[in-house]
Amino acid sequence: LQMLSYFWNAAREIDPSIPDDPPRAGVREGDLVERFGRAGLQGVTGGTLETSVDYADFDDYWEPFTGAAGPATGAFYASLDDAGRATLRDMVRASLPEEGPFTLPGRAWLAVGTVPG
């Protein structure tokens, strides 16, 4: 999700030890297909879902991060002190439109298969 890439790009500027792509299931193309196959599903196929997310403004975008949304983003956000959180917010804000509504694209990988028998 592009919305997360803005967060992680800024986070890596604050802490360069953060890996470029935190390891999570399903974040690269083909991963779910491989996992479904290893789980024994048959006729596994994959695809892509494309969407977009509309935000009223930056605060609308930023609010979920402040509530520890998502295990990886929430843990990183919670690990920062108030000054670090403000720095992260300012860095992300500089990457997005300053005023008014905006839209970010989103993509998700999918896989379907059949349980044998």
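## Focus: the nonpolar core
Okay, step 1: Counting residues in each nonpolar core, the largest one holds 20 residues, and the members touching the most others are Phe7, Tyr61, Trp62, Leu88 and Val92.
Okay, step 2: No other element matches the six residues that helix 1 (residues 2-14) contributes to this core.
Okay, step 3: Setting aside residues up to four positions removed in sequence, Tyr61 forms contacts with Met3, Tyr6, Phe7, Tyr55, Val92, Leu96, Phe102 and Leu104.

## Some remarks on the environment of Asp82
Okay, step 1: Turning to its location among the elements, Asp82 is positioned in helix 5 (residues 82-95).
Okay, step 2: For Asp82, a relative accessible area of 62% gives the class exposed.

## A closer look at a negative patch on the surface
Okay, step 1: A surface patch of like charges, here negative, comprises Asp57, Asp60, Glu63, Glu98 and Glu99.
Okay, step 2: For Glu99, the position within the fold is in the loop between helix 5 and strand 2 (102-114).
Okay, step 3: By relative accessible area, Glu99 is classed as exposed at 66%.

The rules behind these values
- Residues numbered from 1 in each chain as written.
- Predicted model: local features only at pLDDT ≥ 70, side-chain atom pairs only at ≥ 80, totals over all residues.
- Heavy atoms only, no water.
- Core = buried A, V, L, I, M, F, W, Y, C linked by side-chain atoms within 4.5 Å.
- Buried < 20%, exposed > 50% of the residue type's maximum accessible area, 1.4 Å probe, protein only.
- Helix = DSSP H or I, 4+ residues; strand = E, 2+ residues; numbered from the N terminus.
- Contact = heavy atoms within 4.5 Å.
- Patch = residues over 30% accessible without salt bridge, like charges linked within 9 Å, V, L, I, M, F, W, Y side chains within 5 Å.
- Areas by Shrake-Rupley, 256 points an atom, 1.4 Å probe, with all protein chains shown as cover.
- Salt bridge = Lys/Arg side-chain N within 4 Å of Asp/Glu carboxyl O.
- Lys, Arg positive; Asp, Glu negative; His and termini not counted.
- Charge placed at Lys NZ, Arg CZ, Asp CG, Glu CD.

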